[in-house]
Amino acid sequence: MQTGITPAQALHRVLEHTPVLGTETVSLRDCAGRILAESVVAGRALPPADNSAMDGYAVRTGDLADACEALPISLRVAFEIPAGVAPDREVGCGEAARILTGAPLPRGADAVVRQEDAERDGDRIRVASAPRPGEHVRRAGEDVLAGEEVLRPGVCLAPGHVGLLTSLGRGYVAVRQRPRVALVSGGDELVEPDGDPGGGRIVASNAYALAAQCREVGAEPLYLGIARDTPEEIERRLRAGLACDVLVSSAGVSVGDRDYVRAVLEKLGCRLLFWGVAMKPGYPLAFGRFGENGNGRGPLVFGLPGNPVSAMVTFEEFVRPALLHMMGHTHLYRPTLRVRLGETLRKAPGRMHFVRVVLAREGGEVVARSTGGQGSGLLRSMAEAQALLLFPAASTELREGEYATVQVLDASFLAADAPGF
Ligand code: AMP
Ligand code: MG
């Protein structure tokens, strides 16, 4: 097992052991945000037939070629085509058909004159300008041709895709499965949120924050409760998670007397691939995987540190990309940005720091400032963070005015205060 590796090495290790999950079929009602796992070929053209883009009159442009203000041409309105009704007759010479938006264009006609451009008088219209062939007509197949591949596997289904698939008559699509993530907390000092946090106890918040992080990417968290600091209880809780795709525990993974998580994982047959990443917060991170078992592949395992910010940051940097990869996403990382430092930051060399910062747009640039104390138990500064600033392992100082890279967690600093139109 490797120890003390860099965050980049750790991430590489994680991803090389992370499978892409299988597929499942879901209703179009539930597919938004999922990753398409099939190629979608249009079974029909869109629009399926030539149809009117306006309320007006279907005409033969040949009849109106000489129409002008001085000499309007009169046509007989021979019949009417409501939307959704296929016309059963043809527009003959000297005729027009009343047509509504979306209604199929009748044979004979090759353009639509808008009703505001025609003067109606009983069963006749007068038209004072010559329409172009195809004017105000939506052509069959102008959007999609039958037999055309419209979506490829790997697309993250957005509302526009849902509309397109629905128009093509699809009710269901194949998408990548969502990982089920078992969450176990560990510690004798922990109580559930409705418990009594007196006498040295604290509320076990990690599994709740981590479940929210799972949901944010579309994974399904399963909370398995608090394990007391005994090997037996840790084993019992971890076992309950073995049927999931990912097992995430927090705490008990460091070098304390009662940190049994790693030993229990190994006893259960987990192959630990690394422990300890040169980062702050989050050094004591363990990663491993179970081999093939009777029910197929065993879960990936992340033993996250117990400190609430360490747990969240290590989830963010390693578990989140793994979950996205499992779901078939091709974009695994947060947007990064070069930003100007609004204050000087200092640290000891050796580990990369993930500094919680807030962002502001100032004079065409984005400026980052620390959320304050960076202790790994200070959850409020995690709650306020809009980005994590990458303070490289070897550097000891980033001065005010210098530039650094941030991973953007919350892009609300980009939100406009007016709509821009
Ligand atoms: P440990 O890794 O067990 O040494 O825990 C490190 C710190 O994280 C300790 O101060 C624990 O009390 C705290 N901690 C552990 N688990 C949780 C949890 N689920 N929620 C909040 N804090 C926790
Ligand atoms: Mg502990």
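In what follows, the structure referred to is the one given above.
Quick caveat, the model's predicted, so the values are computed rather than measured.

The rules behind the values
- Residues numbered from 1 in each chain as written.
- Chains lettered and ligands numbered in written order.
- Predicted model: local features only at pLDDT ≥ 70, side-chain atom pairs only at ≥ 80, totals over all residues.
- Heavy atoms only, no water.
- Axes fitted to C-alpha atoms, helices over the stretch in contact; angles between N-to-C directions.
- Helix = DSSP H or I, 4+ residues; strand = E, 2+ residues; numbered from the N terminus.
- Parallel < 35°, antiparallel > 145°, perpendicular 65-115°, else oblique.
- Left-handed = near helix turned anticlockwise from the far one by under 90°.
- Contact = heavy atoms within 4.5 Å.
- Nonpolar A, V, L, I, M, F, W, Y, C, P; charged D, E, K, R; others polar.
- Buried < 20%, exposed > 50% of the residue type's maximum accessible area, 1.4 Å probe, protein only.
- Core = buried A, V, L, I, M, F, W, Y, C linked by side-chain atoms within 4.5 Å.
- Domains from an automatic or database assignment.
- Phe/Tyr/Trp six-rings, centres within 6.5 Å; stacked < 30°, edge-to-face > 60°.
- Lys NZ or Arg CZ within 6 Å of the ring centre and 35° of its normal.
- Expected span 1.5 Å × (residues − 1).
- Arc of directions from axis to C-beta.
- Pairing = 2+ DSSP bridges.

What about the packing of helix α3 (residues 206-217) against helix α6 (residues 308-326)?
The N-to-C vectors of α3 and α6 enclose an angle of 25°; their axes lie 10 Å apart at closest approach. Comparing their axes, α6 and α3 come out roughly parallel. Crossing of α3 over α6 shows right-handed handedness. Counted together, Asn206, Ala209, Leu210, Gln213, Cys214 and Val217 of α3 and Pro308, Ala311, Met312, Phe315, Glu316, Arg320, Leu323 and Leu324 of α6 form the full contact between these two elements. Of the residues contributing to the contact of α3 with α6, the split by class is 10 nonpolar, 2 polar and 2 charged.

Considerations on the side chain of serine 310
Along the chain, serine 310 falls in helix α6. Assessed through its relative accessible area of 4%, serine 310 is described here as buried. Discounting residues that sit within four places of it in the chain, serine 310 has contacts with Pro281, Gly282, Pro305 and Ser376.

Examining the nonpolar core
Here is a general trend for soluble globular proteins: nonpolar side chains tend to be buried in one another's company. Counting 43 residues, the largest nonpolar core has Val181, Val248, Phe274, Phe302, Leu304, Phe318 and Leu323 as its most contacted members. Of all the secondary structure elements, the ones that give two or more residues to this core are α1 (7-16), β14 (180-186), α3, β18 (246-250), β19 (270-277), β24 (300-304), α6 and β29 (387-391). Here this core takes 11 residues from α6, the largest share from any one element. When residues are assigned to domains, this core turns out to be shared by domain 1 (2-21 + 177-326) and domain 4 (336-414), each giving three or more. Here leucine 323 is in contact with Pro179, Val181, Cys214, Val217, Ala219, Val246 and Phe315, once residues within four sequence places are set aside.

Structural notes on the packing of aromatic side chains
Taken as a whole and judged by the stated rule, the model has 4 aromatic pairs. Consider the rings of tryptophan 275 and tyrosine 283, whose centres lie 5.8 Å apart with planes at 85°: the pair is edge-to-face. By relative accessible area, which is 10% here, tryptophan 275 ends up buried. We classify tyrosine 283 as partly exposed; its relative accessible area is 23%. Ring pairs connect the aromatic residues Phe274, Phe287 and Phe302, which therefore count as one cluster. The residue whose ring lies beneath arginine 262 is tryptophan 275, and the NZ or CZ to ring-centre distance is 4.0 Å. The ring of phenylalanine 391 has lysine 347 sitting right over it, with the charged end atom 4.9 Å from the ring centre.

Structural notes on α3
For α3, built from 12 residues, the straight-helix expectation of 16 Å at 1.5 Å per residue is met to within 8% by its first-to-last C-alpha distance of 17 Å. Of all the residues in α3, the buried ones are Asn206, Ala207, Leu210, Ala211, Gln213, Cys214 and Val217. Buried residues in α3, looked at end-on, bunch into an arc of 160°, giving them a common side. Seen from the buried face of α3, the exposed residues on the opposite side, beyond 90 degrees, are Arg215 and Glu216. Against the buried residues of α3 lie β14, β17 (220-227), β18, β24 and α6. Among the residues trailing α3, glycine 218 stands out with phi positive, at a value near 95°.

A closer look at the environment of glycine 187
Tracing the sequence through the fold places glycine 187 in the loop between β14 and β15 (190-191). Given a relative accessible area of 2%, glycine 187 falls into the buried group. The spatial distance from the C-alpha of glycine 187 to the C-alpha of leucine 304 is 13 Å, given a sequence separation of 117 residues. Ignoring any residue separated from it by four or fewer positions in sequence, one finds glycine 187 in contact with Ile226, Ala227, Arg228 and Asp229.

Some thoughts on the sheet that holds strand β5 (residues 56-59)
Taken in spatial order, the 6 strands line up as β8-β5-β7-β6-β10-β9 in an open sheet, and their pairing is mixed. The open sheet has two free edges, formed respectively by β8 (111-114) and β9 (118-121), since each of these has just one partner strand. Each strand of the sheet is rotated relative to its neighbour by a mean of 40°, with strand direction disregarded. In this structure, strand β6 (residues 73-81) lies alongside strand β10 (residues 124-127), joined through 4 bridges in antiparallel fashion. Residue pairing in the sheet places serine 74 in a bridge with arginine 126 of β10.

What about the side chain of glutamine 407?
Inspection of the secondary structure assignment puts glutamine 407 in strand β31 (residues 403-408). Sequence-distant contacts of glutamine 407, defined by excluding residues within four places in its chain, comprise Glu317, Arg334, Pro335, Thr336, Phe354, Gln386, Ala387, Leu388 and Leu390.

Here we look at the sheet that holds β19
Ordered by their spatial adjacency, 7 strands build an open sheet running β1-β19-β21-β24-β18-β14-β17, and the pairing between neighbours is mixed. For this open sheet the edge positions go to β1 (2-5) and β17, each flanked by a neighbour on one side alone. Here the average twist between neighbouring strands, direction ignored, is 20°. Bridge count for β18 against β24 is 5 bridges, and the pairing is parallel. Counted as the bridge partner of leucine 247 is valine 301 from β24. Its contacts with the sheet put helix α4 (residues 231-240) on β14, β17 and β18, and the angle it makes with β17 is roughly 165°.

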